[in-house]
Amino acid sequence: YTHKFDTAAYKGEATINTGLFIGGKWVDPIEGGSIEVVNPATGKVVTSVAAGTKADVDLAVEAAEKAYKTVWGLHYPGAGRGKLLNKLADLIEKNIDEFAALEALDVGKIFAKAKAIDIGGAVTCLRYYAGWADKVQGKTIETTENKLAYTRHEPYGVVGQIVPWNFPMGMVSWKIGPALATGNTVVLKPSEMTPLTALKLADLINEAGFPPGVVNIVNGYGHTVGQAISEHPRIHKVAFTGSTLTGRKILKASAETNLKVVTLELGGKSPLVVFDDADIDQAVKWASHGIFFNMGQACTAGSRIFLQEGIYGAFLEKFTAIAQDLAAKTGDPFTPGTQHGPQVSQIQFDRIMGYIDSGKSDGATLHVGGERHGSEGFFVKPTIFTDCHPDMKITKEEIFGPVAAVIKFKTEEEAIDLANNTEYGLACHVFSQNVNRAIRVAHALEAGSAWVNCAQFTEISVPFGGYKQSGIGRELGEYALDTYTQVKAVHINI
Ligand code: NAD
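What you see is a predicted model; the values in this text were computed from it and never measured. (Residues numbered from 1 in each chain as written. Predicted model: local features only at pLDDT ≥ 70, side-chain atom pairs only at ≥ 80, totals over all residues.)

## Remarks on the overall build of the protein chain
As a reminder, the rule being used: Under the scheme used here, helices are H or I runs from DSSP no shorter than 4 residues and strands are E runs no shorter than 2 residues, and both carry numbers assigned from the N terminus. Just to be clear, the radius of gyration here is over C-alpha atoms, and the globule rule we use is 2.2 Å times residues to the power 0.38. Once C-beta atoms are placed from the backbone, each residue is buried if 20 or more other C-beta atoms lie within 10 Å of its own, exposed if 12 or fewer, and partly exposed for counts between those two. Any residue pair is listed as a contact if its two C-beta atoms, each placed from the backbone, are within 7 Å.
Within the protein chain, the regular secondary structure consists of 15 helices and 24 strands. Taking 23 Å as the expected radius of gyration for a compact globule of 494 residues, we find that the protein chain reaches 23 Å, a close match to that expectation. Oriented by its inertia axes, the alpha-carbon framework of the protein chain measures out at about 70 × 65 × 40 Å. The buried share of the protein chain, reckoned over its 494 residues, is 53%. Look at the contacts in the protein chain between residues 6 or more apart in sequence, and 72% of them connect residues 24 or more apart.

## Brief notes about the sheet that holds strand β14 (residues 271-274)
Short version of the rule: Here, any two strands with at least 2 DSSP bridges between them count as paired. For helices, the fitted line uses only the C-alpha atoms of the stretch in contact; every axis is such a line through C-alpha atoms, and the angle between N-to-C directions lies from 0 to 180 degrees.
Taken in spatial order, the seven strands of this open sheet run β16-β17-β18-β15-β14-β20-β21, and their pairing is mixed. Both outer strands of the open sheet, β16 (365-368) and β21 (449-452), are each paired with one neighbouring strand and no more. Strand-to-strand twist across the sheet, computed as the mean angle between neighbouring axes with direction ignored, equals 25°. Across four bridges, β14 lies against strand β15 (residues 304-308) in parallel orientation. Opposite leucine 272, over in β15, you have isoleucine 305 as the bridge partner. Where helix α10 (residues 309-328) meets the sheet, it contacts β14, β15, β16, β17 (383-386) and β18 (403-409), and its direction lies at approximately 135° from that of β15. Set on the sheet, helix α13 (residues 412-420) makes contact with β14, β15, β18 and β20 (427-431); between it and β18 the angle comes to about 150°.

## As for the confidence of the model for the protein chain
The condition is simple: You can read pLDDT as the predictor saying how much it trusts each residue, on a scale of 0 to 100.
On average, the protein chain scores 97 in pLDDT, and the residues at 70 or more come to 100%. Predicted complex metrics record ipTM = 0.94 and pTM = 0.97.

## Regarding helix α3 (residues 96-107)
The criterion, for reference: An expected span of 1.5 Å times one less than the residue number is assigned to each helix.
Helix length check: α3, at twelve residues, gives a terminal C-alpha distance of 16 Å against a target of 16 Å (1.5 Å per residue), a fit within 8%. Across the twelve residues of α3, ten count as buried, placing the element largely inside the fold. Within the span of α3, buried status applies to Glu98, Phe99, Ala100, Ala101, Leu102, Glu103, Ala104, Leu105, Asp106 and Val107. Of the residues flanking the end of α3, it is glycine 108, one or two places downstream, whose phi is positive at about 85°.

## Examining the site of the ligand
Definition in use: For each residue, a C-beta position is placed from the backbone atoms; the residue is near a molecule or strand when that point lies within 6 Å of it. Each residue receives one of three labels: charged for Asp, Glu, Lys and Arg, nonpolar for Ala, Val, Leu, Ile, Met, Phe, Trp, Tyr, Cys and Pro, and polar for the others, Gly being one of them.
Not every one of the 30 residues close to the ligand is listed here, only the nearest: Gly222, Gly226, Gly242, Glu265 and Cys299. Secondary-structure elements contributing two or more residues to the shell around the ligand are α7 (222-231) and α8 (244-256). The leading source of residues in the shell around the ligand is α7, at five residues. Per-class residue counts for the shell around the ligand are ten nonpolar, 15 polar and five charged.

## Here's the deal with the nonpolar core
The tendency in soluble globular proteins is for nonpolar side chains to be buried side by side. This is how the line gets drawn: Here, a nonpolar core means buried Ala, Val, Leu, Ile, Met, Phe, Trp, Tyr and Cys residues linked by C-beta atoms lying within 7 Å of one another.
Ranked by internal contacts, the top residues of the largest apolar core, which has 91 residues, are Ala64, Leu85, Leu126, Tyr129, Val172, Val186 and Val187. In terms of residue count, the dominant contributor to this core is helix α4 (residues 111-132) (twelve residues). Residues in contact with leucine 85, not counting those within four places in the same chain, are Leu126, Tyr129, Ala130, Ala133, Gly177, Leu180 and Ala181. Residues Phe292, Phe349, Met392 and Ala404 belong to the second largest nonpolar core, which totals 58 residues.

## Some remarks on the pairing of β17
Where β16 lies against β17, three bridges are found, and the strand directions are antiparallel. Bridge pairing links leucine 366 to phenylalanine 385 in β17. Sheet topology places β17 next to β18; three bridges connect them, and they run parallel. Its bridge partner being in β18, isoleucine 384 is matched across the sheet by alanine 404.

So, in structure tokens, the structure goes:
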């Protein structure tokens with residue numbers, strides 16, 4: 001399928017293969033299904049891509065296992081794996097406009113941001129893990145007399161990777177980077193809603209020179225392909241990013257089959273706490289980024305905003321102005337100057353509007369936004385609710401849209417209690433000019449990432465993952481290497 005882009009931001013073509021990528025070749029699904037890809041800015045169908053089923057996952061696992069046992073894994077030196085990852089990163093960078101255009105078309109991401117953050121970030125991530133590929137080392141351990149012990153960090157073999165739709169390329173790079181660097185082979189399932197960049201990547205995987213079967217990409221639905229990966233007896237580890245509900249199903253599938261190791265990056269309802277002594281302009285700027293970045297479709301979104309009494313009025317005034325400014329800059333992702341795009345799908349649009357209705361009927365005050373933008377596509381205006389109560393659905397549940405729930409507080413203790421009153425624990429944000437308080441509160445909040453006087457960004461070298469029901473395990477940084485290797489202890493009698 002070739003898409004011709006004739007937009008203000010990008011004039012050019014993007015060509016993708018719409019099949020399944022198994023053993024280095026494009027194949028049709030055995031049972032022949034397909035899924036429509038929809039442009040969220042228009043609601044119109046762009047193309048259809050193949051949808052695999054369990055039988056295709058079986059073939060992909062076979063190809064991945066063969067590659068692991070014959071050419072990859074312990075057969076391919078770390079430095080060589082790093083070289084291939086670097087080559088892949090170079091090829092993505094060479095085609096960065098095409099990738100960004102596909103991401104904008106498929107997900108509704110703003111083209112310039114997709115280029116800088118999603119695709120640029122994927123390139124950085126692959127290069128980072130390329131650097132680690134020959135630096136994964138064990139330890140020598142002192143033991144009893146005439147004995148020597150050392151450890152090896154060995155790959156699992158075939159790993160399954162299941163990614164969501166909100167950062168398709170970003171999540172693929174977070175997954176394949178450490179998996180390939182440590183010598184695993186991969187069966188990857190993109191989100192059925194946003195498969196285009198993963199399909200584009202497949203051709204570059206061949207061009208970079210990865211042996212056939214090292215990376216296999218099987219597009220399809222969660223309940224078919226995703227479940228087949230989670231239940232597969234010859235997949236030894238599954239890495240998943242998505243909702244807590246699906247994470248639970250994957251953990252259950254693992255428990256009921258071969259006890260595969262599962263790492264989960266799940267949902268969140270992250271607090272953003274602003275104290276009276278915060279730098280208000282910085283706090284407002286970051287809080288807006290925290291909730292409206294990627295149209296609120298971010299797992300670390302600062303969706304519960306706690307404002308101390310003294311700063312409440314002034315913060316809200318400035319925050320509202322930013323929401324209105326974003327609403328005025330809402331539009332086509334390819335138009336330069338656009339700052340706010342559509343939600344990914346009709347389903348997400350309807351879900352978000354449902355939450356907005358529930359906020360109104362539960363007695364929260366709709367401060368700004370709360371309605372659709374335009375007449376086509378899935379646009380929701382940046383929305384702020386005030387007078388939110390901890391028991392309301394909009395305060396408790398992950399909306400995954402541009403909807404902020406604002407709550408007033410009096411004391412530091414109260415803020416910590418309110419912020420920790422959630423089943424999630426992915427991220428938290430604290431704004432205060434008092435360094436002691438900022439650090440104290442960052443430590444008291446139950447979350448895997450804490451941002452102090454800033455919000456919602458990741459660094460490839462810094463671990464990322466959730467407390468509580470936001471996940472198990474860590475991605476990024478050196479930490480991810482541990483989640484893709486198992487430790488063998490070797491004892492030697494001297
Ligand atoms: P989702 O759980 O519906 O889907 C994620 C992936 O899982 C998709 O590829 C889907 O096809 C697959 N899937 C669905 N059912 C499955 C099953 N039974 N077995 C195996 N796989 C299955 O989530 P989504 O709607 O695509 O993404 C949004 C969610 O992801 C949000 O909750 C968000 O917070 C979370 N998320 C978390 C992170 C993180 O790093 N913590 C990052 C991005 C998104």
